[in-house]
Amino acid sequence: MTEEELLSQLNSNQREAVTYCDGPQLVIAGAGSGKTRVLTYKIAWLLAHYELKPWNILALTFTNKAAREMKTRIARLVGDESARYLQMGTFHSIFSHILRVEHEAVGYGSDFTIYDESDSRSLIKNILKTMGLDDKTYKPASVHAAISMAKNHLYMPDRYVEDGDLMSRDRSRNMPETYKIYATYQQRLQQANAMDFDDLLVITFRMLRDHEDLRRKYADRFKYVLVDEYQDTNYVQQRIVTLLTQEHQRICVVGDDYQSIYAFRGARIDNILNYNRIYPEAKLFKLEQNYRSTQLIVAAANSLMKHNANQIPKDVFSKNDEGEKLTILENISDKREAAMVCREIKRIKSQEHCHWSDFAILYRTNAQSRLFEEEMRKPEVGMGQHYRIYGGLSFYQRKEVKDVIAYFRLIVNPDDEEAFRRVINYPSRGIGNTTLQKIVDTAQQHSISLWNVISRPNDYGLDVNRGTMAKLDGFCALVGGFIDKRFTTDALTMGKEIIGKTGVNTDLASDHTVEGDSRRQNVDALLAGMSDFVESQQEDGQGDHVSLADYLSTVSLMTDLDNSDDSDDKITLMTIHSAKGLEFPTVFVVGMEENIFPSMMAVGSPKQLEEERRLLYVAITRAERHCYLTWAHTRWQYGKMDSFVNPSRFLNDIDPKLTTLHVEGGRLSGRGFGSDEEPARRPWDDDYESDRPYTGSRPWGGEYRRLNGRMQNSRPIGGQFMADPKPKETAPRRPEQATNPFSTSFEQKLKQSGNWKKVSQTMSNGGRATSSTSPTPNPTMSSTSSAASVSSPSAGISEGQIIEHQRFGRGKVVKVEGVGENAKATVDFDTTGRKQLLLKFARFNMIG
DNA sequence: AACGGTAATTTTTTT
DNA sequence: AATTACCGTT
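Notes on the structure in this doc start here. Predicted model, so just to flag it, every value in this text is computed and none were measured. (Residues numbered from 1 in each chain as written. Chains lettered and ligands numbered in written order. Predicted model: local features only at pLDDT ≥ 70, side-chain atom pairs only at ≥ 80, totals over all residues. Heavy atoms only, no water.)

Scanning chain A for helices and strands turns up 36 helices and 24 strands. Across chain A, contacts joining residues at least 24 apart in sequence account for 77% of those joining residues at least 6 apart. Counting only carbon and sulfur atoms, one obtains 49% of the accessible surface of chain A, whose full area is about 36,500 Å². (Helix = DSSP H or I, 4+ residues; strand = E, 2+ residues; numbered from the N terminus. Contact = heavy atoms within 4.5 Å. Areas by Shrake-Rupley, 256 points an atom, 1.4 Å probe, with all protein chains shown as cover.)

Around DNA strand C sit K125, D135, Y638 and G639, and that is every residue in its neighbourhood. Take the atoms of DNA strand C that sit within 4 Å of the protein: sugar and phosphate atoms are 20% of them. In this structure, K125 approaches DNA strand C through a side-chain N or O atom, which is 3.4 Å from a phosphate oxygen. Within the backbone of Y638, an N or O atom sits 3.3 Å from a base nitrogen of DNA strand C. Here the residues of the surface near DNA strand C are counted per class, giving one nonpolar, one polar and two charged. (Near = heavy atom within 4 Å. Polar contact = N/O pair within 3.5 Å; in protein donor to acceptor, adjacent residues only side chain to side chain. Nonpolar A, V, L, I, M, F, W, Y, C, P; charged D, E, K, R; others polar.)

With 14 residues, helix α13 (residues 197-210) should cover 20 Å at 1.5 Å per step; its first-to-last C-alpha distance of 20 Å lies within 8% of that length. Counted residue by residue, α13 has ten buried out of 14 residues, so it is predominantly covered. Two or three places before D198, at the start of α13, stands the capping residue D196, its side-chain oxygen 3.1 Å from that residue's backbone nitrogen. (Expected span 1.5 Å × (residues − 1). Buried < 20%, exposed > 50% of the residue type's maximum accessible area, 1.4 Å probe, protein only.)

Mapping Q238 onto the fold places it in helix α15 (residues 235-245). Each residue touching Q238, except ones within four places of it in the same chain, is listed here: Y230, R268, N271 and I278.

So, about the state of the cysteines. All told, the structure shown has zero disulfides when counted by the stated rule. Unpaired in this structure, C252 has its nearest cysteine sulfur neighbour in C21, at a distance of 7.9 Å. (Disulfide = S-S within 2.5 Å.)

Turning our eyes to something else, we now look at the protein's contact with DNA strand B. Around DNA strand B lies a shell of 29 residues, among which R265, R364, G432, T559 and T575 are the nearest. Close to the protein, within 4 Å, the atoms of DNA strand B belong to sugar or phosphate groups at a rate of 51%. Contact between DNA strand B and N433: a phosphate oxygen at 3.3 Å from a main-chain N or O atom of the residue. At 2.5 Å, a side-chain N or O of T575 approaches a phosphate oxygen of DNA strand B. Going through the elements one at a time, α23 (433-446) and α31 (576-579) are the ones with two or more residues in the surface near DNA strand B. Here the surface near DNA strand B is built from residues that sort into eight nonpolar, 17 polar and four charged.

Counting across every chain of the model gives 17 aromatic pairs. Both rings, one in Y160 and one in Y182, keep their centres 5.5 Å apart while their planes meet at 75 degrees; by these two values the pair is edge-to-face. Here Y160, found in helix α10 (residues 157-162), pairs with Y182, found in helix α12 (residues 178-191); they are 22 residues apart in sequence, far enough to count as distant. The class of Y182 is buried, set by a relative accessible area of 0%. By way of ring pairs, the aromatic residues F62, Y262 and F264 are connected into one cluster. A cation over a ring is seen here: R159 above Y155, with NZ or CZ 3.9 Å from the ring centre. The ring of Y258 carries the charged tip of K314 above its face, separated from the ring centre by 3.5 Å. (Phe/Tyr/Trp six-rings, centres within 6.5 Å; stacked < 30°, edge-to-face > 60°. Lys NZ or Arg CZ within 6 Å of the ring centre and 35° of its normal.)

Neither face of strand β6 (residues 224-227) is left uncovered, since the one carrying Y224 and L226 and the one carrying V225 and V227 both have all their residues buried. Across four bridges, the pairing between strand β2 (residues 57-61) and β6 is parallel. Residue pairing in the sheet places I57 in a bridge with Y224 of β6. Direction of pairing for β6 relative to strand β7 (residues 251-255): parallel, over a ladder of three bridges. Bridge pairing in β7 links V227 to V253. Regarding topology, α15 serves as the crossover connection from β6 to the parallel β7, and that connection is right-handed. (Pairing = 2+ DSSP bridges. Right-handed = clockwise from strand over helix to strand, strands pointing away.)

Mapping D163 onto the fold places it in the loop between α10 and α11 (164-172). Despite being buried, D163 has no salt bridge partner; R159 is the closest side chain of opposite charge, sitting 6.2 Å away. A polar contact is formed between the side chain of D163 and the backbone nitrogen of D165, at a distance of 3.1 Å. (Lys, Arg positive; Asp, Glu negative; His and termini not counted. Salt bridge = Lys/Arg side-chain N within 4 Å of Asp/Glu carboxyl O.)

With that out of the way, let us pick up unusual backbone geometry. For residues other than glycine, phi is negative in most cases, and the peptide bonds are mostly trans. At the junction of Y426 and P427, the peptide bond is cis and its omega measures out at -10 degrees in the coordinates. Within the element layout of this structure, P427 appears in the loop between α22 (417-423) and α23. Its identity as a non-glycine residue notwithstanding, N595 has a phi of 75 degrees, on the positive side. Tracing the sequence through the fold places N595 in the loop between β15 (584-589) and α32 (606-620). Residue N595 is classed as partly exposed on the basis of its relative accessible area of 26%.

Glancing now at the pattern of salt bridges. Under the criterion given, the structure shown has 45 salt bridges. The residue E81 makes a salt bridge to R84 at a minimum N-O spacing of 3.3 Å. Taken as a pair, E81 and R84 lie in helix α5 (residues 80-84) at a separation of three residues, close to a single helical turn. A salt bridge links E611 to R614; its shortest N-O distance comes to 3.3 Å. Residue E611 and its partner R614 are both found in helix α32; the two are separated by three residues, about one turn of the helix. Residue E611 is classed as buried on the basis of its relative accessible area of 10%. Classification of R614 as buried rests on a relative accessible area of 5%.

Burial analysis of strand β8 (residues 283-287) places four of its five residues in the buried class, which makes it a mostly covered element. Across five bridges, the pairing between strand β1 (residues 25-29) and β8 is parallel. Among the inter-strand pairings, L26 is bridged to a residue of β8, identified as L284.

Structural data, given as structure tokens:
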């Protein structure tokens, strides 16, 4: 692509952001304003205009998926060869690679394990036990949250103890020993040659801070640094970026404070607001033209955000069609809500001839997905094949998968304590808790790993009986055998052998239940994934030997979303959090009720409420053309029915002029909801009576209440019934809060952000009206062109079908079994032979 | 040491 | 409702 072509595809603000590369830069990119386009074009621009090699550019993203997609888009601009060497990925993946190289400097082995959330929690649980603390008061999850928060703000155990605020906070929460747990936790991680997710950042920071040579090395390598989703970065991430860029000052960060929804996890909006304090020369660019949504959707989202006090003022606008008003859909029950949404999807689909994948159902919590799933699976609804639920228990978190991976981990890093505990008695080999506790005690006495103890039990005086010792020896020899050949055998071969020789296979085979079947399939899928990995590494020329360690270092930072195939034609069901960055022609935001959205946990704190409101902003701005906000008068939750449901306060925050209210079974207020062509056909009018929880008059009174007026408080909201709401973790505090390291005063920062050198002013007529930045197929596009090229696997695949797999090439389906998530196919591939594909994960096209 | 029953506990999530 | 933790039994 020529330079002119490249620039002609940008509006003037985007162009300025792309071409300014001479100093630090902050791009505030409103929802749908072409942020990804700016980042990709900027990288192409850098490669063309500066003496930079691809590996001189470091681009940090929030998810692996975002990195991959961006890389693909850049490859289209600059070619595969260049794009391939760009340093692009999440903070965690980029720095884990660097830490493996520099492991000596930071005092870890190169094959350190990465503990996931559940490993961390399990380690904490164990520490609580040894310390004799009650895990009812010290909930492992909240202890870990406290530790994680501390780490993200670079409060190591020694500094933690000295901090009065933190210590008194712990005392007031009845967890005064937290600092001790933290110190032990950190020590145990080190002993296990393991890092948790936070360590990947903290230790990177320490490495750069304490080793000037290494800091220079990487600051010199990464001559230009870009950070995406900057509003979601935390303190340590900001510090790392600073260490890398403080000299050359070639840095561009892109973010949107309106879309900051991860503060609960330590993300700091302050990073954006204080940006010019770290980079005084920084220039501010604002992208305010939204290319994604209709004018009314953008206006509604803006009107919502007027109710947040803390924000960088901005004026997001759209020049697309005015579009239709948002629909507020008030339903009788949660079940009816699901039914209404499904019908509405069908109606729009037949009316607009669009794809299933043009719809998204977004909710606050994963548990809300169930009702929609149940509704769609009803035969009379017939949508069972047309939806995909994201989130929930990830593939890598399933017990059987974690068990197998634990063996891998132990072989690659025998000091890995959590892996050791997982497999020492799986499959059961008669080594129980008593023995395990003895091993743990012995290990703690000598400050060594569990593996060290059982490798040389006599040296450390492990006190167990003869029989037990024999069992331990057996286990040692088994794992030791694999350790010995871990460098010489490739990952896949190792994997297969491990599953065989450790008895995992036998154990799984002995289970004849339905669940057992699914477990075997999951382990098969894991092996298939390994096979994929080994092949792709070889294709990339990463050498012939793809070791188990190589596989692990990648897989421990992978999530389900990374495997998901989003090219097939399905309705998306996901939490709003996971929908960030996506867009859909039609979006349903469901469960718009007090105590759900905003979440019960957030209603006590203004700060958290603002975050919930931003979350709704994110949800609404996912929509291109239609946006529905739905709620129900009664809802089943925690096995009980709540019939005192109040509509979400946020519904009142949206300008009523921009919404249409629909009450199930009632009259329409405002303009008709269905199109003019079919005014009589309102999907919820017919079998309305059949599913009503109450017969006779409506429990909430004869008149449906108006939402758009100021009538929300016609009934008290949940909190008002509570005598004294439980104190929240981040409950609003007195003025001394400003000194709390974990919550800096917002107002203060806002003032400082006033003296920006604003080079880019929004111009009312400045932007070129490019049609859309959307990668989503245009809904009016002929439904054959894009739907036919991509399979929707579990639908319609049958024996004899010829398929083209992304990696394995052409093959013929010999057998199809299982349904839904667990459906799998046996396929004979022309080149690679017979393989089993779990349709949930497989990527292929159907031929013929 | 393994299993099965009862009781308690429920945000959001990427890495 | 559904998952998980704990305790008692075998």
